[in-house]
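# A closer look at the structure
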Amino acid sequence: MRRCVVIGSGAREHALAWALAKSAQVVVTPGNPGIAAHGITCVVTPSTELDAELFVIGPDQPVVDGLADLLRAQGKTVVGPGADGARLEGSKAYLKEFLASANVPSAAYGVFDDESEALSFLAEMSPPYVIKTDGLAAGKGVLVTADFEEASNDVREKLSGRAFGGAGHTVVIEEGLEGPECSLMVLCDGANVTALVPSQDFKRLGDGDTGANTGGMGAYAPMTSLSSDEFDDIMERIVAPTIRELLRRDIDYRGVLYAGIMLTSNGPKILEYNARFGDPETQALVPLYGDGLFDLLLAVGEGRLDGSPPVASGAAVTVILASHGYPHAPRKSDVITGLGEDGQLARAVEGVTVFHAGTALDANGRFITAGGRVLAVTGVAETLVEARRRAYEAAALIIFEGRVMRSDIALSVA
Ligand code: AMP
Ligand code: GLY
């Protein structure tokens, strides 16, 4: 059987490994106890010391740090761009410069490392104010607020380096855009692209999109409200010029180009690119591709995508269960009930898989919380309505103290 290595330790990697395991022998490094309990091999051996036909890098940090370059230098086939391509995610300031030269529509902006210049630029903007940390910040480096005071304080905080350390010393201040958001993951093999079905994630902590920005509290796919005209528009106005610009810069981008898009009244605009699979969108996307994921990703890594869209069927809704205090001060070690020894539901619900993000096993072999986002509960069905019903039925069976969960994931569309 073909061998595949997945790099990472969260629910996204659990979902990728679970989907790839339908047609390959999968090893996750380092993985987590929930992935291992699910029967997928987890090892602590670094990926550079493993052998496989395909390597899939999950998280942003190793991609930005150039792990794909290292693996390719060893002759390995990798899904994940090199450090050059990953700068699209690794630096918001670089991203904005790239988009401007590629003529890709996005918000007006300024880049600052000087506090007084940043504050005078901010004073010229109208609300909502958008302040972004330049570097990686686990999805939490963006403030969107109508409150000028709060925005100014955030600029000071970020520029001081207190908020995100080294990632923070430069800020990007952007025009506030409005409209529904769409996540589009595009597979790119260096030259050819094929899009996965559009999805939506829910970044705010609370129901009704209130509260702090998080790494993501839920997702669903497909995003049925995106019309085919809107999809074509995104491919033409955003994805195509981006690929041309990558080629112009001699960047051999082989991996997932994740486009975070806002559908404004002036057409689609790009909010961010990520150089990897989205989290938690992946947990709702991969179940739609049956056993086709391995062949698809192998084609990405080997530079032989044929342009035909991969077949997806059904719908999926993912609900995140986060720990008490998430995202600012997540608490650990709360005992989780409702899971069996395999880390899946003790009382099964049809079409549901539980992907582990931040869990550990205590001395008695019980799953406990071990991170901000703890579990991603995915319901799959023919329709979004049924997928959502299944996800929430399952989520209700998993209890731990202080559990944080949104109750409105995919509510408006299902
Ligand atoms: P980012 O990490 O850049 O995608 O930003 C995280 C979230 O902040 C996005 O999903 C949007 O909800 C919001 N956001 C980012 N940029 C803007 C913008 N220019 N206008 C309005 N909201 C934004
Ligand atoms: N869901 C947003 C991200 O993966 O960055």
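Before any of the text, the structure's been laid out above.
The text that follows walks through the structure, step by step, so that each part is easy to find. Computed from a predicted model, the values in this text were never measured in an experiment.

It is the contact of helix α5 (residues 83-90) with helix α6 (residues 92-102), at a shortest axis distance of 6 Å, that shows an interaxial angle of 100°. Looking at the two axes, α5 sits roughly perpendicular to α6. Between α5 and α6, the residues in contact are Arg87, Leu88 and Gly90 and Lys92, Tyr94, Leu95 and Phe98, respectively. In terms of residue class, the contact of α5 with α6 is made up of four nonpolar, one polar and two charged.

Next up on the list: the sheet that holds strand β10 (residues 181-189). Either a parallel or an antiparallel arrangement is found when strands of a sheet pair, and the pairing is made through backbone hydrogen bonds. Judged by pairing direction, the sheet is antiparallel, and its four strands sit side by side in the order β11-β10-β16-β17 without closing on themselves. Taken across any chain shown, the strands that pair with only one partner, and hence form the sheet edges, are β11 (193-195) and β17 (267-274). Pairs of neighbouring strands in the sheet enclose a mean axial angle of 30°, with direction left out of account. Along the sheet, helix α9 (residues 228-248) makes contact with β10, β11, β16 (254-264) and β17, crossing β17 at roughly 50°.

Okay, the side chain of Asp154 next. Structurally, the position occupied by Asp154 is in helix α8 (residues 148-160). Accessibility expressed as a relative area gives 16% for Asp154, which makes it buried. Leave out the neighbours within four places in its chain, and Asp154 touches Ile131 and Leu143.

The subject of this paragraph is the site of ligand 1. In the region of ligand 1, 15 residues are neighbours, and Lys132, Glu174, Glu175, Leu177 and Glu181 sit closest. Contact distances for ligand 1 include 2.8 Å between a nitrogen atom and a side-chain N or O atom of Glu174. Leu177 places a polar main-chain atom, nitrogen or oxygen, 2.8 Å from a nitrogen atom of ligand 1. Counting residues per element, the ones that place at least two in the shell around ligand 1 are β7 (129-133), β8 (142-145) and β17. Residue composition of the shell around ligand 1, grouped by class: seven nonpolar, one polar and seven charged.

Of all eight residues that make up β17, eight are buried, and the element is covered over most of its length. Here β16 pairs with β17 via seven bridges, running antiparallel. Across the sheet, residue Met262 finds its bridge partner in β17, namely Lys269. Between the antiparallel neighbours β16 and β17 lie two residues.

Below, the discussion takes up helix α1 (residues 11-20). Summarising burial for α1: ten of the ten residues are buried, a large majority. Restricting attention to buried positions, one finds in α1 the residues Ala11, Arg12, Glu13, His14, Ala15, Leu16, Ala17, Trp18, Ala19 and Leu20.

What follows concerns the nonpolar core. In this structure, Leu88, Tyr273, Val317 and Ile398 are the most contacted members of the largest nonpolar core, which totals 68 residues. In contact with Ile398, not counting residues within four places along its chain, are Leu321, Ile336, Thr337, Leu339, Leu345, Val354, Leu375, Val377 and Arg403. By size, the runner-up hydrophobic cluster in this structure holds 42 residues, among which are Ala19, Ile40, Val286 and Leu296.

Taken as a whole and judged by the stated rule, the model has 27 salt bridges. For Arg2, the salt bridge goes to Asp295, with nearest N and O atoms at 3.0 Å. On the criterion of sequence distance, the pair formed by Arg2 in the segment before β1 (3-8) and Asp295 in helix α11 (residues 293-302) is long-range, its members being 293 residues apart. Here Arg2 falls in the partly exposed class, since its relative accessible area comes to 29%. Where Glu272 meets Lys203, a salt bridge forms, and the shortest distance between an N and an O atom there is 3.8 Å. With Glu272 in strand β17 and Lys203 in the loop between β12 (200-201) and β13 (204-206), the pair connects residues that are 69 residues apart, well separated along the chain. When salt bridges with common partners are traced through the structure, they connect Lys92, Glu181, Asp201, Lys203 and Glu272 into a single cluster.

Turning next to the pairing of β10. Looking along a regular strand, one sees the side chains alternate between the two faces of the sheet. Within β10, eight of the nine residues are buried, which leaves it mostly tucked inside the rest of the structure. As paired elements, β10 and β16 share nine bridges and run antiparallel to each other. Of the residues in β16, the one forming a bridge with Cys188 is Gly255. Inspection of the sheet shows β10 paired to β11 by three bridges, in the antiparallel sense. Note on β11: the bridge partner recorded for Val186 is Ala195. Counting the residues in the hairpin turn of β10 and β11 gives three residues, including Gly190, whose phi is positive at 105°.

So, how was this worked out
- Residues numbered from 1 in each chain as written.
- Chains lettered and ligands numbered in written order.
- Predicted model: local features only at pLDDT ≥ 70, side-chain atom pairs only at ≥ 80, totals over all residues.
- Heavy atoms only, no water.
- Axes fitted to C-alpha atoms, helices over the stretch in contact; angles between N-to-C directions.
- Helix = DSSP H or I, 4+ residues; strand = E, 2+ residues; numbered from the N terminus.
- Parallel < 35°, antiparallel > 145°, perpendicular 65-115°, else oblique.
- Contact = heavy atoms within 4.5 Å.
- Nonpolar A, V, L, I, M, F, W, Y, C, P; charged D, E, K, R; others polar.
- Pairing = 2+ DSSP bridges.
- Buried < 20%, exposed > 50% of the residue type's maximum accessible area, 1.4 Å probe, protein only.
- Near = heavy atom within 4 Å.
- Polar contact = N/O pair within 3.5 Å; in protein donor to acceptor, adjacent residues only side chain to side chain.
- Core = buried A, V, L, I, M, F, W, Y, C linked by side-chain atoms within 4.5 Å.
- Salt bridge = Lys/Arg side-chain N within 4 Å of Asp/Glu carboxyl O.

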